[in-house]
Amino acid sequence: MRRVFMPTSMLVLFSCFGASWVLADSLAAPVNVSIRDLKGSSAVVTWDTPDGEPVIGFAITQQKKDVRMLRFIQEVNTTTRSCALWDLEADTDYIVHVQSISISGPSPLSEPLYFQTPKEAENQASKSKDEVTMEEVGQNAQLRAGEIIIIVVVLIMWAGVIALFCRQYDIIKDNEPNNNKDKAKNSSECSTPEHPSGGLLRSKV
């Protein structure tokens, strides 16, 4: 890949040279040129080429609006339809042209694409918003995990209480027959013929 800065006059010279070099069946200019992933210091330019074109590379000219100096990017032996633009200045207007390259030469320039990079404050606000969103997602996940742990602990405690109650109930139930036997034995030992209910006979003086 070649990246070169050159004045606009040299671009016009190259365009005239290319026009004399390309044959009658020259390439068509790229279409649907657009910008995505636009940031304060970078962007990605994308485009389409007509079907059946023998494209082996591309060339991009990047220029600030109202400034003659431009950047020239060229890459061959590739079929990619996108290119990253870097070292852009925030809150600045740019103009981009795209050309397809074949063995016969370059295609005409595409229609100019105008775009403006966002301000640094907008970038920071967007970044902060994304960070806050990620933090909120993390906090919500932590809260849900904590709630699940609390619910599990409460269920385990309830299960333990129920198991303890059932065990105590079984013990009390098993002890009831023994208590009834002891009461019956004590009652029979304390009873007399005159008082079957166990009372003592008191003599009169």
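Remember, predicted model here, so these are calculated numbers, not experimental data.

### What to know about the UniProt feature "transmembrane region" (unreviewed entry) in the protein
Taken from the UniProt record, the annotation "transmembrane region" (unreviewed entry) applies to residues 148–166. Along residues 148–166 one finds 100% helix and 0% strand; the C-alpha atoms at either end are 27 Å apart.

### Some words on the packing of aromatic side chains
Geometrically, a pair of aromatic rings is defined through the distance of the ring centres and the angle of the planes. Here the structure, examined in full by the defined rule, presents two aromatic pairs. With 5.6 Å between their ring centres and 20° between their planes, Tyr94 and Phe115 make a pair best called stacked. Linking Tyr94 in strand S7 (residues 93–102) with Phe115 in strand S9 (residues 113–116), this pair joins segments that are 21 residues apart in sequence. Each member of the pair, Tyr94 together with Phe115, is buried. Between Arg71 and the ring centre of Trp86, over which it is positioned, the NZ or CZ distance is 4.3 Å.

### Some details on a nonpolar patch on the surface
Together, Ile150, Val154, Trp158, Val161 and Ile162 make up a nonpolar patch on the protein surface, roughly 520 Å² of accessible area in all. Take Ile162: it is sitting in helix H2 (residues 120–190).

### Remarks on the sheet that holds strand S2 (residues 31–36)
Across a sheet, paired strands are connected by hydrogen bonds in the backbone, their directions being either parallel or antiparallel. Taken in spatial order, the three strands make up an open sheet running S2-S3-S6, and their pairing is antiparallel. The open sheet is flanked by S2 and strand S6 (82–85), the only strands paired with a single partner. Neighbour-to-neighbour, the strand axes of this sheet turn through a mean angle of 20°, independent of strand direction. With four bridges joining them, strand S3 (residues 43–48) and S6 adopt antiparallel strand pairing. Within S6, the residue paired with Thr46 across the bridge is Ser82.

### A closer look at unusual backbone geometry
A positive phi is found at Asn32, a non-glycine position, where the angle reads about 55°. Position of Asn32 among the secondary structure elements: in strand S2. By relative accessible area, which is 55% here, Asn32 ends up exposed. Positioned with a positive phi, Asp37 is a non-glycine residue whose angle comes to about 50°. Checked against the element boundaries, Asp37 lands in the loop between S2 and S3.

### Brief notes about the confidence of the model for the protein
Detailed reading of the predicted coordinates is not advisable wherever pLDDT is low. Chain-level statistics for the protein give a pLDDT mean of 77 and a share of 66% at 70 or above. Put simply, helix H1 (residues 8–21) is where the protein has its lowest mean pLDDT, 46, and S3 is where it has its highest, 96. pLDDT under 50 marks residues 9–24. Its contacts with residues more than four places away, or in other chains, come to 10 contacts. This stretch, residues 198–205, has a pLDDT under 50; its non-local contacts, to residues over four places away or in other chains, come to seven contacts.

### Observations regarding the pattern of salt bridges
Overall, the coordinates contain two salt bridges when judged by the stated rule. Between Arg36 and Asp37 there is a salt bridge, and its shortest N-O distance comes to 2.8 Å. Judged by relative accessible area, which is 41%, Arg36 ranks as partly exposed. Note that Glu89 is salt-bridged to Lys64, the shortest N-O span being 2.6 Å. With Glu89 in the loop between S6 and S7 and Lys64 in strand S4 (residues 57–64), the pair connects residues that are 25 residues apart, well separated along the chain. For Glu89, a relative accessible area of 40% corresponds to the partly exposed category.

### Describing the environment of Leu113
With respect to the helices and strands, the residue Leu113 is situated in strand S9. Residue class for Leu113 comes out buried when judged on its relative accessible area of 15%. Distance from Leu113 to His97, taken between C-alpha atoms, is 6.5 Å for residues 16 residues apart in sequence. Not counting chain neighbours up to four residues away, the residues in contact with Leu113 comprise Val33, Ser34, Ile35, Val45, Tyr94, Ile95 and Val96.

Here is what the cut-offs are and how they apply
- Residues numbered from 1 in each chain as written.
- Predicted model: local features only at pLDDT ≥ 70, side-chain atom pairs only at ≥ 80, totals over all residues.
- Heavy atoms only, no water.
- UniProt positions renumbered as here; feature names shortened; annotations may be inferred.
- Helix = DSSP H or I, 4+ residues; strand = E, 2+ residues; numbered from the N terminus.
- Phe/Tyr/Trp six-rings, centres within 6.5 Å; stacked < 30°, edge-to-face > 60°.
- Buried < 20%, exposed > 50% of the residue type's maximum accessible area, 1.4 Å probe, protein only.
- Lys NZ or Arg CZ within 6 Å of the ring centre and 35° of its normal.
- Patch = residues over 30% accessible without salt bridge, like charges linked within 9 Å, V, L, I, M, F, W, Y side chains within 5 Å.
- Areas by Shrake-Rupley, 256 points an atom, 1.4 Å probe, with all protein chains shown as cover.
- Salt bridge = Lys/Arg side-chain N within 4 Å of Asp/Glu carboxyl O.
- Pairing = 2+ DSSP bridges.
- Axes fitted to C-alpha atoms, helices over the stretch in contact; angles between N-to-C directions.
- pLDDT = per-residue confidence, 0-100.
- Contact = heavy atoms within 4.5 Å.

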